[in-house]
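Below are the chains, spelled out letter by letter.
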Amino acid sequence: MSKRLSVIKQPIFSLLNDHIVDYPSPSNINYFWGFGSSAAICLILQIATGIFLAMHYTPHVDIAFISVEHIMRDVSGGWLLRYMHANGASMFFIVVYIHMFRGLYYGSYASPREVLWCIGVVILLLMIATAFIGYVLPWGQMSFWGATVITSLASAIPIVGDNIVTWLWGGFSVDNATLNRFFSLHYLLPFVIAGASIVHIAALHQYGSNNPLGIHSGVDKIALYPYFVVKDLVCWVAFAIIFSLFVFFYPNVMGHPDNYITANPMSTPAHIVPEWYFLWVYAILRSIPNKLGGVAAIALVFICLLALPFLNTSQVRSSKFRPIYNKLFWLFFADCLLLGWVGAQPVEQPYIFIGQASTVYFFLYFLVLIPSCGKLEHQLIRART
């Protein structure tokens, strides 16, 4: 009888208890493992603020920009909602990028967690799509021209490219139909991301978390609560402090000033750039002189990320015990930062050459260095034993 009446034994609560409270975790995971839960908080924050912003936003080319200003000036607390949503997107990408680099460093993509990694890459793709169409909604100069440039890339696809662009636009240019469908998709996709995140967590809990040593930790696990919940709480508080600093003191530092100018199809900005979290992809895109080649390079970026677990040949997970790969990893990390910097620069020398060199190393890292490094390390280990 007591078992039947126990609240925690009921289906929904027992599920939460098994996966959040009593879930066994490796005893040696560090603070970098807290960025997964921080990403979940960012997603909840984005959905919550987005729902309230949607109550006051009007997806029409004539009044979209004005409706955003109405939210900022007339709606009670509207400025806070908008700044939380805009800066929350940047914070979301920062947290997810750290989460991914942690996975790369500690080999969290390696067997048997291939599906876990691939779902994570799919979530990143969904995030990029959601953030891009969300950037169009304020209908400023950078919104309009960013949408025009990026959607026009689909025209490079042979045979069906022009039809895809017309379908994306809902006409023959970026106009009201484009804004309407982008608003609908921007409202829908976060819930798709939430569903994919649940699948991501389910895949994680199938084999358990990786750990800094990269070894099997089945014999040394402790409950998630209170040990790691309190540890994650430190990350959440630090995140809240940094997030608040941007929202209340530097709300526009990660945005573009041209987006405070109403969209004008007759006036092209001198330098069209995406949001900062797309700059590394944008740098790769523009490093290829050919339009179709640039689109293919972007596709190859995500193919490389999806194929990473299968390209890996190392029998050791953690970079702590892989001195050669460790140096290659930090070079790759610097390369990604360099791509982000190049993406914000004008399309001229020496930035073109730097971008092309960085792009070459980006693909070299995934397609050549990771497979060959694992084999080389294996040979060196055999030679020593």
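What counts as what
- Residues numbered from 1 in each chain as written.
- Predicted model: local features only at pLDDT ≥ 70, side-chain atom pairs only at ≥ 80, totals over all residues.
- Heavy atoms only, no water.
- Helix = DSSP H or I, 4+ residues; strand = E, 2+ residues; numbered from the N terminus.
- Buried < 20%, exposed > 50% of the residue type's maximum accessible area, 1.4 Å probe, protein only.
- 1 Å grid on protein atoms, 1.4 Å probe; cavity = no way out; pocket = protein on both sides within 12 Å on 5 of 7 lines; lining within 4 Å.
- Points joined across faces, edges and corners; volume = space filled by probe spheres on them.
- Nonpolar A, V, L, I, M, F, W, Y, C, P; charged D, E, K, R; others polar.
- Contact = heavy atoms within 4.5 Å.
- Axes fitted to C-alpha atoms, helices over the stretch in contact; angles between N-to-C directions.
- Parallel < 35°, antiparallel > 145°, perpendicular 65-115°, else oblique.
- Left-handed = near helix turned anticlockwise from the far one by under 90°.
- Lys, Arg positive; Asp, Glu negative; His and termini not counted.
- Salt bridge = Lys/Arg side-chain N within 4 Å of Asp/Glu carboxyl O.

S.K.: Lay out unusual backbone geometry in plain terms, naming residues and giving numbers.
M.R.: Only a minority of non-glycine residues have a phi that is not negative, and only a minority of peptide bonds are not trans. Residue Tyr 225 is joined to Pro 226 through a cis peptide bond whose omega torsion reads 5°. Its location among the elements puts Pro 226 in helix H10 (residues 224-249). Of note, the amide linkage connecting Gln 349 to Pro 350 takes the cis form, showing an omega dihedral of 5°. Of note in this structure, Trp 139 is not a glycine but carries a positive phi near 60°. With respect to the helices and strands, the residue Trp 139 is situated in the loop between helix H6 (114-136) and helix H7 (141-152). Using a relative accessible area of 5% as the deciding quantity, one classes Trp 139 as buried. Here Ile 159, not a glycine, exhibits a phi torsion of approximately 70°, which is positive. As for its position among the elements, Ile 159 is in the loop between H7 and helix H8 (161-169).

S.K.: A description of empty space enclosed by the protein should follow, citing residues and the corresponding values.
M.R.: With a probe scaled to a water molecule rolled over the atoms, the places where space remains empty come into view. Under the definition given, this model contains two cavities of 30 Å³ or more. Computed from the structure, the largest cavity encloses a volume of approximately 40 Å³. Here the residues of the lining of the largest cavity are counted per class, giving five nonpolar, two polar and one charged. Estimated volume of the second largest cavity: approximately 40 Å³. Phe 65, Val 68, Glu 69, Arg 82, Pro 138, Asn 259 and Tyr 260 together form the lining of the second largest cavity. For the lining of the second largest cavity, the element with the highest residue contribution is helix H4 (residues 64-73), accounting for three residues. Along the lines of polarity and charge, the residues of the lining of the second largest cavity split into four nonpolar, one polar and two charged.

S.K.: Provide a residue-level description of helix H11 (residues 279-287), including the pertinent values.
M.R.: Given 3.6 residues per turn, any residue in an α-helix points the same way as the ones three and four places further on. Burial analysis of H11 places nine of its nine residues in the buried class, the great majority of the element. Buried-residue contacts for H11 involve helix H5 (78-106), helix H12 (291-311), helix H13 (323-343) and helix H14 (351-384).

S.K.: Go over the layout of surface pockets with me, naming the residues and quoting the values.
M.R.: Approximately 1500 Å³ is the volume attributed to the largest pocket. Considering the residues around the largest pocket, the lining is formed by 49 residues, among which Gly 36, Ser 37, Ala 40, Ile 201 and Leu 204 are closest to the centre. If you list the elements that add at least two residues to the lining of the largest pocket, you get helix H2 (11-21), helix H3 (35-54), H5, H6, helix H9 (176-207) and H10. For the lining of the largest pocket, the leading source of residues is H9, giving eight residues. Of the voids in this model, the second largest pocket is the one considered here, and its volume is about 1100 Å³. Around the second largest pocket, the lining comprises 33 residues; the ones closest to its centre are Ile 128, Phe 132, Ile 150, Thr 151 and Leu 153. The set of elements that each furnish at least two residues to the lining of the second largest pocket consists of H6, H7, H8, H9, H11 and H12. Among the elements that take part in the lining of the second largest pocket, H6 stands out by supplying six residues, more than any other. Within the lining of the second largest pocket, the residues separate by chemical class into 29 nonpolar, three polar and one charged.

S.K.: If you had to explain the packing of H3 against H9 to someone new, which residues and values would you point to?
M.R.: Each packed pair of helices is defined by two parameters, the angle between the axes and the distance between the axes. For the pair H3 and H9, the least separation of the axes is 11 Å and the interaxial angle reads 155°. In this view, H3 runs roughly antiparallel relative to H9, as classed from their interaxial angle. Note that H3 runs across H9; the crossing there is left-handed. Of the residues in H9, those in contact with Leu 43, Ile 47, Ile 51 and Ala 54 of H3 are Phe 183, Tyr 187, Pro 190, Phe 191, Ile 193, Ala 194 and Ser 197.

S.K.: Lay out the side chain of Asp 335 with the relevant residues and their values.
M.R.: Relative to the elements of secondary structure, Asp 335 occurs in helix H13. No salt bridge forms around the buried Asp 335; measuring N to O, its nearest opposite-charge neighbour Arg 286 is 13 Å away. Ignoring anything within four residues of it in the chain, the contact list for Asp 335 reads Ser 358, Tyr 361 and Phe 362.

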